[in-house]
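Single-letter residue listing:
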Amino acid sequence: MPREIERKYLFNGKLSLDTNIVKRIDIEQGYISLPDDSLVLRVRRSVTQCTNYTRADGYLTIKRRDGGPGLFEREIDIEPDLAKEMLTNECKSNIITKRRTVIEFGPRLKAEIDTFKDQLAPIEWVEIEVPTEHYVFDLPAFCGKEITNAKGLSNFDMAWDPEKTKAIFNGL
């Protein structure tokens, strides 16, 4: 499985007028796996909005930790209707809803601003996927404090205990 290495930052709520927003994605996701499982199994349904199209997608994602940086991750495309059905009937966790704003910056990098909805509002953070653990880049101005290694702030944690996650987030 390919390894995903992300850095996570608080979003300071400020985007400049010249920010290169590529797309916005409305996401619903939940987890079939339980908190003690060694593999994480996530179901996601998304609706992507760009300037010239809107598209619905579905994904089944398998994630595994091995003690190194990031996660091993394999994402499998599934029909959006199947993803919706699985979110309703198969997920054991709470369903997370969020809007992801994708921004291009620097040399071949993208920042994803996640704005959580419903019981997780007003949490917002920025995720930047990097090619290596020690990759150096200029941090965009909309990024605040780094929270990459903060315990209890993963989407998985949020889905299982949203109130605990909100308390941790509010304490930052």
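To keep things clear, this report deals only with the structure shown in the data block.

What follows covers the packing of aromatic side chains. Here the structure, examined in full by the defined rule, presents 6 aromatic pairs. Plain terms: the ring middles of Tyr135 and Phe137 are 6.3 Å apart, the flat faces sit at 25° to each other, and that makes the pair stacked. Three or more aromatic residues joined by ring pairs make a cluster, and in this case those are Tyr31, Phe156 and Trp160.

Where strand S3 (residues 39–49) meets strand S4 (residues 54–64), 11 bridges bridge the pair, whose relative direction is antiparallel. Among the inter-strand pairings, Leu39 is bridged to a residue of S4, identified as Arg64. Where S3 hands over to S4, the hairpin turn is made up of 4 residues, counted between the paired strands.

Turning next to unusual backbone geometry. Residue Pro122 is reached from Ala121 by a cis peptide bond, and omega for that bond is 10°. Phi angles above zero are rare outside glycine, and Asp118 is one such case at about 55°. In this structure, Asp118 sits in the loop between strand S7 (109–116) and strand S8 (124–130).

For the rest of this paragraph, the subject is the pairing of strand S1 (residues 3–11). Strand direction decides the pairing type here: S1 and strand S5 (residues 71–78), joined by 2 bridges, are antiparallel. Of the residues in S5, the one forming a bridge with Glu4 is Leu71. In this structure, S1 lies alongside S8, joined through 6 bridges in antiparallel fashion. Paired with Ile5 across the strands is Val130, a residue of S8. Note that S1 and strand S9 (residues 143–146) share 2 bridges and pair antiparallel. Residue pairing for S9: Tyr9 is matched across the bridge by Glu146.

By the secondary structure assignment, Thr101 is in strand S6 (residues 96–105). Excluding its chain neighbours within four sequence positions, the residues that come into contact with Thr101 are Ile21, Lys23, Arg24, Ala111, Glu112 and Ile113.

This paragraph deals with the pattern of salt bridges. Pairs may arise between side chains of opposite charge once their charged atoms sit close together. Applying the stated criterion across every chain yields a total of 12 salt bridges. A salt bridge links Arg100 to Glu127, with the nearest nitrogen and oxygen atoms 3.7 Å apart. In this pair, Arg100 sits in strand S6 while Glu127 sits in strand S8, placing the two residues 27 residues apart along the sequence. Judged on exposure class, the residue Arg100 and its partner Glu127 are both buried. It is possible to trace a salt-bridge network through shared partners that takes in Lys98, Arg100, Glu112, Asp114 and Glu127.

Before going further, it helps to spend a moment on the environment of Glu90. One can find Glu90 in the loop between helix H1 (80–89) and S6. The partly exposed category is assigned to Glu90, whose relative accessible area is 43%. Considered as a pair, Glu90 and Gly30 are 60 residues apart in the sequence and their alpha carbons are 9.0 Å apart. Once you skip the residues sitting within four places of it in the chain, Glu90 turns out to touch Ile32 and Glu85.

Bringing a negative patch on the surface into the picture now. Negative charge collects at one region of the surface, where Glu79, Asp81, Glu85 and Glu90 lie side by side. Secondary-structure assignment places Asp81 in helix H1.

Criteria and thresholds
- Residues numbered from 1 in each chain as written.
- Predicted model: local features only at pLDDT ≥ 70, side-chain atom pairs only at ≥ 80, totals over all residues.
- Heavy atoms only, no water.
- Phe/Tyr/Trp six-rings, centres within 6.5 Å; stacked < 30°, edge-to-face > 60°.
- Pairing = 2+ DSSP bridges.
- Helix = DSSP H or I, 4+ residues; strand = E, 2+ residues; numbered from the N terminus.
- Contact = heavy atoms within 4.5 Å.
- Salt bridge = Lys/Arg side-chain N within 4 Å of Asp/Glu carboxyl O.
- Buried < 20%, exposed > 50% of the residue type's maximum accessible area, 1.4 Å probe, protein only.
- Patch = residues over 30% accessible without salt bridge, like charges linked within 9 Å, V, L, I, M, F, W, Y side chains within 5 Å.
- Areas by Shrake-Rupley, 256 points an atom, 1.4 Å probe, with all protein chains shown as cover.
- Lys, Arg positive; Asp, Glu negative; His and termini not counted.
- Charge placed at Lys NZ, Arg CZ, Asp CG, Glu CD.

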